[in-house]
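# Coordinate inspection notes
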Amino acid sequence: MTILDPTALPDPWHSLHELLAAMDAEIEQVYVERGIEGVRPRFAYPLIRLAHTGPLTIRELAKSLDRSHSAISQTIAAMRKEDLVTSEPGPDARTRRIDLTERGRSLVPFLEAEWRATHEAVAELDGEVPYAMTTVVEEVRRALEHRSMRQRVLHHLVEPPR
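Residues numbered from 1 in each chain as written. Predicted model: local features only at pLDDT ≥ 70, side-chain atom pairs only at ≥ 80, totals over all residues. Heavy atoms only, no water.

## Describing the side chain of Glu 112
We apply this condition: Only runs of H or I of at least four residues qualify as helices and only runs of E of at least two qualify as strands under DSSP, and these elements are numbered from the N terminus. Accessibility here uses a 1.4 Å probe with only protein chains present; expressed as a share of the type maximum, an area under 20% marks a residue as buried, one over 50% as exposed, and anything in between as partly exposed. The positive count covers Lys and Arg only, the negative count covers Asp and Glu only, and His and the chain ends enter neither. Just to be clear on terms, a salt bridge is a Lys or Arg side-chain nitrogen sitting within 4 Å of an Asp or Glu carboxyl oxygen. Should any heavy atoms of two residues lie within 4.5 Å, those residues are counted as being in contact.
Locating Glu 112 in the fold gives a position in helix H5 (residues 102–128). Despite its burial, Glu 112 pairs with no opposite charge; the closest candidate is Arg 116, at 4.5 Å N-O. Contact partners of Glu 112, with chain neighbours within four places excluded, come to Ile 48 and His 52.

## Focus on the nonpolar core
Nonpolar side chains in soluble globular proteins generally cluster together in the buried interior. The following threshold applies: For the purposes of this section, nonpolar cores are sets of buried Ala, Val, Leu, Ile, Met, Phe, Trp, Tyr and Cys residues that join through side-chain atoms within 4.5 Å.
By size, the foremost hydrophobic cluster in this structure holds 25 residues, and its most contacted members are Val 39, Leu 47, Ile 76, Val 85 and Leu 111. Contributions of two or more residues to this core are made by helix H1 (14–33), helix H2 (41–53), helix H3 (58–65), helix H4 (69–81), strand S3 (96–100) and H5. Dropping the residues within four chain positions of it, Val 85 is found in contact with Leu 47, Leu 50, Ile 76, Met 79, Arg 80, Ile 98, Asp 99, Leu 100 and Thr 101.

## Some words on the sheet that holds strand S2 (residues 85–89)
Applicable threshold: Pairing between two strands is assigned when DSSP locates at least 2 bridges connecting them. Every axis in this analysis is a line fitted to C-alpha atoms, fitted for helices over the stretch in contact. Angles between the N-to-C directions lie between 0 and 180 degrees.
Within the open sheet, the three strands sit side by side as S1-S3-S2. Their pairing is antiparallel. Across the chains shown, the open sheet's two edge strands, defined by having one partner strand only, are strand S1 (56–57) and S2. Pairing of S1 with S3, which is carried by two bridges, proceeds in the antiparallel orientation. Directly across from Thr 57, in S3, lies its bridge partner Arg 97. Lying on the sheet, H2 is in contact with S1, S2 and S3; it crosses S3 at an angle near 95°.

## Things to note about the pairing of S3
Note: S2 against S3, five bridges, orientation antiparallel. Counterpart to Thr 86 in the pairing with S3 is Asp 99. In this antiparallel pair of consecutive strands, S2 and S3, the connection spans six residues.

## Here we look at a nonpolar patch on the surface
Rules: Patch construction takes residues with relative accessible area above 30% that form no salt bridge. Like charges are linked within 9 Å, and nonpolar side chains (Val, Leu, Ile, Met, Phe, Trp, Tyr) are linked within 5 Å. Per-residue and other accessible areas were derived by the Shrake-Rupley procedure at a 1.4 Å probe size, with only the shown protein chains allowed to occlude residues.
Where nonpolar side chains cluster on the molecular surface, the patch consists of Trp 13, Leu 16, Leu 19, Leu 20, Tyr 131, Val 136, Val 140, Leu 144, Met 149, Val 153, Leu 154 and Leu 157 and spans about 1,100 Å² of accessible area. Elements with a minimum of two residues in the nonpolar patch: H1, helix H6 (133–146) and helix H7 (149–156).

## Focus: H1
Short version of the rule: Expected helix span is taken as 1.5 Å per residue step, with the number of steps being one fewer than the number of residues.
End to end, H1 covers 28 Å across 20 residues, agreeing with the expected 28 Å (1.5 Å per residue, within 8%). Just beyond H1, the residue with positive phi is Gly 35, at close to 80°.

Written out as structure tokens, the structure is:
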């Protein structure tokens, strides 16, 4: 243990996490105002994709959404609790096929409209701030391709003596 608690310093990620959570909460509020209970913004992407592809395994869905298997598995579990998707045995004992329930299917037209509206709102925000969020994200991504976060952390890491 060191003398100074490093967590006493401001968390550089806090503002970004807080902003994203606040934006998601406002999108969720749109759902609630429309009488759609139990649906989180993170459900929209997989629900819309399943409506267009038909049943997929968790692995197939994760790959098609460019998300981790773990993240999609957790999202599917939450969506099952809200009666948005079903999970049936897949072609082998290790896989499960995910499909929309009637409730999930009935929400897709609204979720597609919200998806488009959200993209328009992001474009609007990009026009109102000096540095477009989408541009900043892409520039950070390119910088990390040049020199990864791992490499950057290792460069600054001073390990304590053993």
